[in-house]
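The lines below spell out each chain.
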Amino acid sequence: MTTVTSAASTEAPVKRVDAETRVPRRSSTRRRSTPLTIAMLAVLAYFLLPLFWLLIASTKSTQDLFNSFGLWFSHAPQLLSNIKATFTQDDGVFGRWLLNTVLYAGASALGAALLAAAAGYGFAKYRFRGHGAAFNLVLGAIMIPTTALAIPTYLLFAKAGLVNTPWAVILPSLISPFGLYLMRIYAEDAVPDSLIEAARMDGAGEFRIFCTIGLRLLAPGLVTVILFTLVATWNNYFLPLIMLNDPNLYPITVGLSSWAAQAQNGGAGASSDMLALVVTGSLISIIPLVLAFLLLQRYWQSGLATGGVKQ
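Here we summarise the structure given alongside this text. These numbers come from a predicted model, not from an experiment.

Thresholds, definitions, all that
- Residues numbered from 1 in each chain as written.
- Predicted model: local features only at pLDDT ≥ 70, side-chain atom pairs only at ≥ 80, totals over all residues.
- Heavy atoms only, no water.
- Helix = DSSP H or I, 4+ residues; strand = E, 2+ residues; numbered from the N terminus.
- Buried < 20%, exposed > 50% of the residue type's maximum accessible area, 1.4 Å probe, protein only.
- Areas by Shrake-Rupley, 256 points an atom, 1.4 Å probe, with all protein chains shown as cover.
- Salt bridge = Lys/Arg side-chain N within 4 Å of Asp/Glu carboxyl O.
- Contact = heavy atoms within 4.5 Å.
- Polar contact = N/O pair within 3.5 Å; in protein donor to acceptor, adjacent residues only side chain to side chain.
- Expected span 1.5 Å × (residues − 1).
- Bend = angle between axes of the 7 residues up to and from the residue.
- Axes fitted to C-alpha atoms, helices over the stretch in contact; angles between N-to-C directions.
- Parallel < 35°, antiparallel > 145°, perpendicular 65-115°, else oblique.
- Nonpolar A, V, L, I, M, F, W, Y, C, P; charged D, E, K, R; others polar.

## Topic: the overall build of the protein chain
Counting secondary structure elements, the protein chain contains 15 helices and 0 strands. Counting across all 311 residues of the protein chain, residues that qualify as buried make up 33%. Carbon and sulfur atoms make up 66% of the accessible area of the protein chain, which totals about 19,500 Å².

Dropping the structure here:
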């Protein structure tokens with residue numbers, strides 16, 4: 001017995017050493033892939049190159065836009081003078097276009113986020129007759145392009161007398177099927193059923209529960225829907241084009257398009273530097289969107305990730 005025990009005790013360390021030598025240790029440093037890095041740099045350049053060109057072109061006159069290298073400054077940069085000319089052209093109508101765009105996009109984003117949050121919360125936390133069919137209808141609405149609904153929307157608003165008013169741009173933008181779908185998925189995990197039941201036992205009504213508990217827990221998802229709707233309404237061109245006739249009600253997209261048409265056709269009110277003003281106005285128009293993404297980026301990222309993680 002003594003001999004067997006000593007043999008086992010001498011062989012055990014050998015087996016442990018063999019096991020340790022056979023299992024390779026994981027490296028604490030992340031592996032770097034040169035082809036992947038090159039691909040990511042190419043994608044980054046693809047997205048940033050138009051913005052870089054827009055910044056460079058905003059410093060040039062119309063003549064320099066055609067006579068100088070497109071990706072570098074001219075001999076006489078004039079960014080400040082271009083900005084001043086943009087805001088003073090046609091009695092300062094560009095500033096009004098900018099304010100109109102802020103109004104349309106801001107009201108649409110906030111309204112669409114609240115409606116999507118209420119509907120998504122309802123689909124996630126309540127069961128009613130036709131629940132599945134109604135949600136499938138929402139999913140089907142996501143597949144319909146907005147341009148296909150522009151003409152029917154115009155005819156409907158014409159009957160209601162809302163054409164050529166700010167409501168003609170704001171009201172259609174309040175409907176966001178994708179935002180509703182996103183908020184439904186997010187609300188399923190972000191709002192615990194136990195918390196809702198505890199609030200009901202304390203005597204809180206359903207609307208109060210949604211306003212005091214649901215909206216607070218859905219805040220990251222709300223920011224996500226706000227950003228998506230803000231960008232969509234800010235860049236919307238076709239709907240304001242057919243709904244609005246008064247230039248004082250134009251958003252930036254339609255206003256800059258009218259300036260570009262004047263520059264190409266040489267119409268009344270067109271100046272020799274009109275094309276430079278269009279480029280400078282385009283640069284100014286993207287600054288609020290960039291600031292919005294930088295300020296709300298962390299909420300936007302958490303809003304996209306949280307609803308897709310099963311807890």
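## Digging into the pattern of salt bridges
For the coordinates displayed, the defined rule picks out 4 salt bridges. Between R184 and E188 there is a salt bridge; the shortest N-O distance is 2.7 Å. Separated by 4 residues within a single helix, R184 and E188 lie in helix α9 (residues 177-190), roughly one turn from each other. With a closest N to O distance of 2.9 Å, R200 and E206 form a salt bridge. What makes E206 partly exposed here is its relative accessible area of 34%. Within this structure, E197, R200 and E206 form a network of salt bridges that share partners.

## Thoughts on the environment of K125
In this structure, K125 sits in helix α5 (residues 93-125). On the accessibility criterion, K125 (16% relative accessible area) is buried. The sequence separation of K125 and I196 amounts to 71 residues, and the corresponding C-alpha distance is 9.2 Å. Setting aside its immediate chain neighbours within four residues, K125 contacts A187, E188, V191, D193 and I196. Within polar-contact distance, the side chain of K125 engages the backbone oxygen of E188 at 3.4 Å.

## A closer look at unusual backbone geometry
Notably, D91 is not glycine yet its phi reads approximately 60°, a positive angle. Tracing the backbone shows D91 in the loop between α4 (79-88) and α5. The class for D91 is exposed, based on a relative accessible area of 82%. Located in the positive-phi region is N164, a residue other than glycine, with phi close to 65°. Here N164 is to be found in the loop between α7 (150-160) and α8 (167-173).

## Describing helix α2 (residues 34-57)
If you check α2, its first and last C-alpha atoms are 33 Å apart, about what 24 residues at 1.5 Å a residue would give, namely 34 Å. By the largest-angle criterion, L48 marks the main kink of α2, which is about 35°, and a proline, P50, follows within four residues. Taken residue by residue, α2 has L54, I56 and A57 as its buried positions.

## Considering the packing of helix α11 (residues 206-217) against helix α12 (residues 219-234)
Two numbers describe how α11 lies on α12: the axes approach to 4 Å, and their chain directions differ by 70°. The angle between α11 and α12 places the two elements in the roughly perpendicular class. Contacts between α11 and α12 involve L215, R216 and L217 on the former and, on the latter, A219, P220 and L222. Here the residues of the contact of α11 with α12 are counted per class, giving 5 nonpolar, no polar and 1 charged.

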